[in-house]
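Tertiary structure, described
As a plain string of letters, each chain reads:
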Amino acid sequence: MAAAVFSLATARAEAQAPRILLDQPPRAVEYQLNRLTPEELVLVERKDDDVRYRPVYVALLTRKGIPPQFRDEAVAALTRMDKSSRSLVLLEALGRVPIEDLATTEKVAALLLGQPADALRTDRETFLKAIDDASASSKPLVLRAAYAALMAADGKPDDAWKLAVAHPSHLTELLLGIKFLQAAPSGSDVRSQLFTPISALLSTGPDVPTRAAALEALGWTRQDAATFELLAREVKPDADEATRNAAVASLERIPETAWPAAALEPLARALVSAVAAMPADRRTEPAGLDAIQFGEKLAAKLPDEPRRAVRRDLRALGVRVIKIQTIPEKLTFDVKWFVVEAGKPVQIVLFNPDAMPHNLIVGTPGSLEAIGTNGSGLPMPTDPDAKAFVPDLPAVLQATKLVREGETERLGFTAPSAPGEYIFVCTFPGHWVRMYGVMLVVESLDAFEVKPMVPTDPITKQPFTSK
Ligand SMILES: [Cu+2]
């Protein structure tokens, strides 16, 4: 057979669409596809009635940063091509997603669990067979999703739980799959039912990985005061770190409206002690940063006196953590402004759940427009790790690389010594007019707390109306 080269569907795509040599061994085809950015991959030509294009659909379904319509297209094409069911196609896809790619895992699992209840019931045997075939060591994501799908098909966790208990290490995978039930039609009901078996399991003193998985799962069950209290009890200075981190991650999912007032101050203090017990250089690792940041959130809910005391203790730990997320499809950050102390260490933790890449640049007061327009006008660098769209201007103080979907980037630096309204902005082309905010640098955070002020929005020239 002659070497087949993708011909290109449209003139516009022709300019950019990469050529893939399909008539090569599967590994070589995969290699070519793996080298493409998500933006390039979606431009590759494909035909759903020609199996040679199968690897293209597999890549679209399992790669990071692919917009939802292309994943949908890939599932439909693979179902037809393989004469298979959607459930089976999606379980197979989960067997290919790297375990550390949480964003893609969640999206593919949501396509599986988000099917109508009837469809899930029809595919019950498929889930049982997947559980039978997959091993926890080689296909953990398949196991997690198959257990979640089985529970969703049954509308209750009973049979899945019994099955997991009967297989070594499967219970941990079932627990880690509970979050996938968010997408299922009966998901919240099944999740509530899981509170009882999980709290019973915790009282039996399971090994550390099972305990951590159970605590992690608990925050997805009943998101109420009882769950909060159960989790808060696990945040003790003498708890092992895996247990404590899992409890904190789970606590963060309980809505503030459900927080029991009496539990907040002891928990905030326990977090302070836990972080204080960590060596200083480890406090800036994700678990330390999460604990500090959650401590700040708890402190905000306390009455004046304990609030100031907890905040002082948190500051004494030496790191100011600012968590910023992008809001998917909205071209905004979830933080409009934040305050830091002049000359003190700061850690900005930027998480991008959006399918589109974003960056974050910190600049001097008044530099928003200059950094925005100059950064956006730069070409995309060919090196994927280069800091893209960062203009060569003295006003630029700090910059992240381009953060892709599901990635977290940490920016650690010392706050400027001169107080003022510094700016932060995303300079991906077209974003800066909406994706910006202010880093307010103050002489003293103690003084700021006694007499707070709101910085000015650098575009509207009005004070910000929210944080
Ligand atoms: Cu952006």
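In the block above lies the structure referred to throughout.
Here is a short report on the structure shown in this document. By convention here, each chain's residues receive numbers from 1 onward along its written sequence. Only residues with pLDDT of 70 or above have their local features reported here, since the model is predicted, and side-chain atom pairs are shown and tallied only from 80 upward, although totals for entire chains, interfaces and linings are computed over all residues. To obtain the side-chain values, all non-hydrogen atoms of the structure were used and water was disregarded.

Things to note about the overall build of the protein
In terms of regular secondary structure, the protein is built from 22 helices and nine strands. Using C-alpha atoms as the atom set, the radius of gyration is obtained and then compared with a globule rule of 2.2 Å times the number of residues to the power 0.38. Expected size for 467 residues packed as a compact globule is a radius of gyration near 23 Å; at 25 Å, the protein falls within 12% of this value. A buried classification covers 51% of the 467 residues belonging to the protein. Residues are treated as being in contact if the distance between any of their heavy atoms lies within 4.5 Å. By sequence separation, contacts in the protein at least 24 residues apart represent 65% of the contacts at least 6 residues apart. Neither His nor the chain termini are counted; the positive set is Lys and Arg, and the negative set is Asp and Glu. In plain terms, the charge of a residue is placed at NZ if it is Lys, CZ if Arg, CG if Asp and CD if Glu. Each charge class in the protein can be summarised by its mean position, and for the 54 positive and 60 negative side chains these summaries are 1 Å apart. Starting at the N terminus, helices and strands are each numbered in turn, a helix being any DSSP run of H or I of at least four residues and a strand any DSSP run of E of at least two. For the exposure calls, accessible area comes from a 1.4 Å probe over protein chains only, and a residue counts as buried if that area is under 20% of its type's maximum, exposed if over 50%, partly exposed in between.

What about the sheet that holds strand S9 (residues 436-442)?
In a beta sheet, neighbouring strands are held together by backbone hydrogen bonds and run either parallel or antiparallel to one another. The strand order S3-S9-S8-S5-S6 describes an open sheet built from five strands, whose pairing is mixed. Two strands close off the open sheet at either side, each with one partner strand: strand S3 (337-341) and strand S6 (396-399). Neighbour to neighbour, the strand axes of the sheet diverge by 25° on average, direction disregarded. Any two strands with at least two DSSP-identified bridges between them are counted as paired. Here strand S8 (residues 420-425) runs beside S9; their pairing, made up of six bridges, is antiparallel. Bridge pairing in S9 places Glu 421 opposite Leu 440. Its contacts with the sheet place helix H21 (residues 368-376) against strand S5 (361-363), S6, S8 and S9, and it is angled at close to 20° to S8. Only the contacting stretch of a helix is used when fitting its axis, a line to C-alpha atoms as for every element, and angles between N-to-C directions run 0 to 180 degrees.

Looking at the nonpolar core
To form a nonpolar core, buried Ala, Val, Leu, Ile, Met, Phe, Trp, Tyr and Cys residues must be joined to one another through side-chain atoms within 4.5 Å. If you look at the biggest cluster of nonpolar residues, it comprises 108 residues, and the most contacted ones within it are Leu 61, Leu 175, Ile 178, Leu 181, Ile 198 and Phe 228. Top contributing element to this core by residue count: helix H10 (residues 140-154), with twelve residues. Ignoring sequence-local partners within four residues, the contact set of Leu 175 consists of Trp 161, Ile 198, Leu 201, Thr 210, Ala 213, Ala 214 and Ala 217. The next biggest cluster of nonpolar side chains, apart from the first, holds 26 residues, and it includes Phe 333, Ile 348, Leu 350 and Phe 428.

A word on the packing of helix H5 (residues 68-81) against helix H7 (residues 102-113)
At their nearest, the axes of H5 and H7 sit 12 Å apart, and the two run at 55° to each other. If you check the angle between H5 and H7, you find them oblique. Considering how the two elements wind past one another, H5 and H7 form a crossing that is right-handed. Along the contact surface, H5 presents Arg 71, Asp 72 and Val 75, while H7 presents Thr 104, Lys 107 and Leu 111. Gly is placed with the polar residues, together with every amino acid not listed as nonpolar (Ala, Val, Leu, Ile, Met, Phe, Trp, Tyr, Cys and Pro) or charged (Asp, Glu, Lys and Arg). Here the residues of the contact of H5 with H7 sort into two nonpolar, one polar and three charged. Here the angle decides the label: under 35 degrees means roughly parallel, over 145 means roughly antiparallel, 65 to 115 means roughly perpendicular, and every other value means oblique. Left-handed describes a crossing whose near helix is turned anticlockwise from the far helix by less than a right angle; the clockwise case is right-handed.

Observations regarding the pattern of salt bridges
The salt bridge definition used is simple: a Lys or Arg side-chain nitrogen within 4 Å of an Asp or Glu carboxyl oxygen. Inspection of the entire model under this criterion finds 34 salt bridges. A salt bridge links Arg 315 to Glu 449, with the nearest nitrogen and oxygen atoms 3.5 Å apart. Note that Arg 315 is positioned in helix H20 (residues 304-316) and Glu 449 in helix H22 (residues 445-450), a separation of 134 residues in sequence. Among the ionic contacts, a cluster of salt bridges with common partners joins Arg 311, Arg 315, Asp 446 and Glu 449.

A look at the pairing of S8
Here three bridges tie S5 to S8, and the two strands are oriented antiparallel to one another. Bridged to Gly 363 within S8 is Ile 423.

Let's talk about the packing of helix H6 (residues 86-94) against H7
The geometry of H6 relative to H7 is characterised by a closest axis approach of 9 Å and an angle of 165° between their N-to-C directions. If you check the angle between H6 and H7, you find them roughly antiparallel. Between H6 and H7 the crossing geometry is left-handed. Counted together, Ser 87, Leu 90, Leu 91, Ala 93 and Leu 94 of H6 and Thr 105, Val 108, Ala 109, Leu 111 and Leu 112 of H7 form the full contact between these two elements.

Section: helix H15 (residues 208-218)
Residue pairs spaced three or four apart in an α-helix point in one direction, given the helix's 3.6 residues per turn. Within H15, eight of the eleven residues are buried, which leaves the element mostly enclosed by the surrounding structure. Every buried residue of H15 is accounted for by Thr 210, Arg 211, Ala 212, Ala 213, Ala 214, Leu 215, Ala 217 and Leu 218. Residues of H15 that are buried sit in contact with helix H12 (170-177), helix H14 (195-203), helix H16 (225-232) and helix H17 (241-251).

Notes on H10
Multiplying one less than the number of residues by 1.5 Å gives the expected span of a helix. In this model, H10 (15 residues) spans 21 Å end to end at C-alpha, consistent with the 21 Å of a helix rising 1.5 Å per residue. For H10, the buried fraction is high: 14 of the 15 residues fall into the buried class. Following H10 by one or two positions, Gly 155 has its phi on the positive side, about 70°.

Some remarks on the coordination of the copper ion
Only nitrogen, oxygen and sulfur atoms within 2.8 Å of the metal, or 3.2 Å for Na, K and Ca, are treated as donors, and water is left out, so sites may look incomplete. For the copper ion, the full set of protein donor atoms is His 358 (ND1), Cys 426 (SG), His 431 (ND1) and Met 435 (SD), and the range of their distances to it is 2.0 to 2.5 Å. For the copper ion, the four donor atoms are set out with angles of 87 to 133° between them, so the coordination reads as tetrahedral. Sequence positions of the residues that donate to the copper ion give the spacing H-x67-C-x4-H-x3-M. Placement of the pair is His 358 in the loop between strand S4 (345-352) and S5 and Met 435 in the loop between S8 and S9, with a sequence separation of 77 residues. Residue class for His 358 comes out buried when judged on its relative accessible area of 1%. Only two sets of limits are used to name each site, 85 to 135 degrees for every angle of a tetrahedral four-donor site, and over 155 degrees for opposite donors with all other angles from 65 to 115 for a square planar four-donor or octahedral six-donor site, with any other site named irregular.

Some remarks on the packing of aromatic side chains
Pairing of aromatic rings covers Phe, Tyr and Trp, the last counted by its six-membered ring, and requires centre-to-centre distances within 6.5 Å; plane angles under 30 degrees mean stacked, over 60 mean edge-to-face, and any other angle means tilted. One pass over the structure, following the stated rule, counts five aromatic pairs. Aromatic side chains Phe 228 and Trp 259 sit 5.8 Å apart centroid to centroid with 45° between the ring planes, which places their arrangement in the tilted category. Of this pair, Phe 228 sits in helix H16 while Trp 259 sits in the loop between H17 and helix H18 (261-276), and the two are 31 residues apart along the sequence. Across the pair, Trp 259 and Phe 228 agree in class, each one buried. Taken together, the ring pairs connect Phe 228, Trp 259 and Phe 294 into an aromatic cluster. Just above the ring of Phe 195 sits the side chain of Arg 222; from NZ or CZ to the centre is 4.0 Å. We call a charge positioned over a ring when the NZ of a Lys or the CZ of an Arg lies within 6 Å of the ring centre and within 35 degrees of the ring normal. Here the basic side chain of Lys 467 rests over the ring of Trp 337, its NZ or CZ set 4.5 Å away from the ring centre.

Focus on the environment of Val 450
On the secondary structure map, Val 450 appears in helix H22. On the accessibility criterion, Val 450 (60% relative accessible area) is exposed. Between the C-alpha atoms of Val 450 and Gly 177, which are 273 residues apart in sequence, the distance is 45 Å.

Honestly, it's all geometry; don't read function into it.
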